[in-house]
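Report on the structure
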Amino acid sequence: MSAFADEVRAIAERYPDPRSATLPALRLAQERHGWLPPEALREVANALDLTPAYCKAVASFYDMYHLAPVGKHLVEVCTNLSCALVGAQRVVEAFESELGVAPGETTTDGEVTFRTVECLGGCGYATVVAVDHRYRQDVTPADVAGIVEELRG
Amino acid sequence: MAELQVLLAGTDDHDLTKLDEYLAVGGYAGVGKARAMTPEELIDELQRATLRGRGGAGFPMGRKASLIDRSSPKPKYLVVNADESEPGAFKDREVMARVPHRLIEGCLISAHAIEAHEVFIFIRGEYLSEYEILQAAVDEARAAGLFGDVDILVHRGAGAYICGEETALLDALEGRRGQPRPRPPFPPVQGLYDAPTQINNVSTIATVPAIMEMGAEAFAKTGTESSPGSAIFSISGNIARPGNYELELGTPMRELIYDLAGGVPDGRELKAVIPGGSSVPALAPDEIDVPLDYDSLQKIGTFFGAASLIVVDDRCCIVQLALRSAKFYQHESCGKCTPCREGTRWMVQILERIEAGDAELSHIELLESIGSRILGRSLCALGDFAVYPTHSYITKWRNEFVAHIEQGGCPYGGASSLEGIVAPLDQHTHSPMAEVPA
């Protein structure tokens, strides 16, 4: 049995029903592969005695699972009401020009996927940008070049 | 009335993410008190406190506990809804990041009331730092032997607004697509794994230790008679000092907006306040003299909701506001019920035409008519959440809708504060690597 399956089953044992480990297992698989290719869905399915189709149906429901490849880094800008009212559009534009891609796209070197997202729950500290899932708050267009430079190392 | 620290008490002087500091301010004393009571006595105490659910519906938490079928041979579960996703809301996040032990203490007390030995905290997937803080606190409290015969499992979501709906949350926790279930049966009878389940919001459960500390009678005397206690209000948008303010329930909305949060900045005028997160009817400037409690807000045709105020100034085109909000609900509709799945999409299409100046006056009535046929016709309230605010925008700012149609375009001429705002694409139908060469 693979180390991955062992890890998933250890998670599953904590729940009254092993199916509850589906979301954690998909997250784990995505951390290993960078996204959820068919192979990753098969690994999750095998570990939990589910079908790959079931795992894909679940994964496709949630915004944080990637069923297509993404860049090494993920930049997500909130464009819901509170961020938009104080200028999230300008932050989006700054990322567009700094990265050279539109929201929903990945830089040609495969380094950064940039997307807009719904409310991240940081409305009082707008604009909120999640960089590899860590929140940057009170982001203004002037901060964008620095964030991109950080990612490009 | 004004600031009353219950949830955030002690956070100014202590780092309450640490167990020893939480214990030093009297933390976890409520667990011992609760466990000295029988479950019946504890449920009576909670009922006397009239702690109303802070997640939005306002249902009394003690009454919910009394509905749990404790005679069932199945295990009983307590589930904490930490899926805070309502646009405008960021208060539960602060509770988890600053006073995780108060939430854990509330879980242990509430679990005793319903004789549950397993507690699940469902936290939205995006809250990574908050998850880490909460998980560390859970591990620390367990290692200190505070759990007794109860265990707490923190379960992370994966990005879906609908999982804040309690039965969708249960499905997500069971490893499925997070879609709402038909009711009845209600969760207290048949919830998680078909067993009796109590589901409460983070702020509700984190208030329970205060009831143990003060006693139900004293707690019920704070706030207003029908809405005792405090709530953390999130305030954001066009406001000078956005942030979280914990206030006694019944505090005037005007006091929060102007005295505490500094009013509308940049010399602008107040145009609208969406008082409970983006899903509730908006208020016009002449409606903000209202106490912040469940019944007072309902009396003027809106809802307490997630206690989250979005303040909008006069630079904002109300049609653009309605459109951006409708796109959110379309994006988050889970697709299970036709009125919500199709209706939210139609609402977006009509609002797009109005904003583009490509509509007729009859489209306003069409929008209202579609809304009235979404309301109350689905398994959960998500579709209603798209309709409530939209109807309020049409009713209270109808002249702006008419102006778009009569002028053949947005009267703001590109100068609206929301101009150019983009809503997220559905990443499952749009490949983010489309631009990458093979």
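Within each chain, residue numbers correspond to sequence positions counted from 1 in written order. By the order in which they are written, chains take letters starting at A while ligands take numbers starting at 1. With the structure being a predicted model, the display of local features is reserved for residues of pLDDT at least 70 and the display and counting of side-chain atom pairs for 80 or more, all residues being used for whole-chain, interface and lining totals. Processing note: side-chain calculations cover all non-hydrogen atoms of the structure and skip hydrogens and water entirely.

**Observations regarding the domain arrangement of chain A**
Partitioning chain A into structural domains gives domain 1 (3–61) and domain 2 (73–152). Domain borders in the structure are assigned automatically or taken from a domain database. Placing the centre of domain 1 of chain A and that of domain 2 of chain A at their C-alpha centroids yields a distance of 29 Å.

**A look at the pairing of strand β1 (residues 73–78) of chain A**
Residue and element names in this part refer to chain A. Counting buried positions along β1 yields six of six residues, so the element is predominantly enclosed. Of the two faces of β1, the one lined by His73, Val75 and Val77 and the one lined by Leu74, Glu76 and Cys78 are each fully buried. In the sheet, β1 pairs with strand β3 (residues 112–117) via six bridges, with the strands oriented parallel. Paired with Glu76 across the strands is Arg115, a residue of β3. Only protein chains enter the accessibility calculation, which uses a 1.4 Å probe; a residue whose area is less than 20% of its type maximum is buried, one above 50% is exposed, and one in between is partly exposed. Strands are runs of DSSP state E lasting at least 2 residues, helices are runs of H or I lasting at least 4, and numbering of each runs from the N terminus. Only strands joined by at least two bridges in the DSSP assignment are considered to pair.

**Some words on the interface of chain B and chain A**
Counting from both sides, the interface comprises 76 residues of chain B and, opposite them, 58 residues of chain A. At the boundary of chain B with chain A, total buried surface from both sides reaches about 5300 Å², with 56% on carbon and sulfur atoms. In what follows, salt bridge is the name for a side-chain nitrogen of Lys or Arg lying within 4 Å of a carboxyl oxygen of Asp or Glu. Run the count over chain B and chain A and you get two salt bridges. A salt bridge links Glu132 of chain B to Arg134 of chain A, with the shortest nitrogen-to-oxygen separation between them at 2.8 Å. Throughout this description, a polar contact denotes any pair of N or O atoms lying within 3.5 Å of each other; where both atoms belong to protein, one of them has to be capable of donating a hydrogen while the other can accept it, and for residues adjacent in sequence the pair is counted only when both atoms sit in side chains. Joining chain B to chain A, the criterion identifies 25 residue pairs in polar contact (both at pLDDT 80 or more). In the scheme used here, Gly and all other residues not listed as nonpolar or charged are polar, with Ala, Val, Leu, Ile, Met, Phe, Trp, Tyr, Cys and Pro taken as nonpolar and Asp, Glu, Lys and Arg as charged. Across the side of chain B that touches chain A, the residue classes tally to 35 nonpolar, 24 polar and 17 charged. In what follows, residue pairs with any heavy atoms lying within 4.5 Å of each other are defined as contacts. In short, buried area is how much 1.4 Å probe accessible area vanishes from two parts on joining, totalled over both.

**Remarks on the state of the cysteines**
Residues and elements named next belong to chain B. The definition used for a disulfide is geometric: two cysteine sulfur atoms within 2.5 Å. A full pass over the atoms with the stated rule returns zero disulfides over all chains. Looking at Cys163, it has no disulfide partner, and the nearest cysteine sulfur is the one in Cys334, 9.3 Å off. With a relative accessible area of 1%, Cys163 lands in the buried category.

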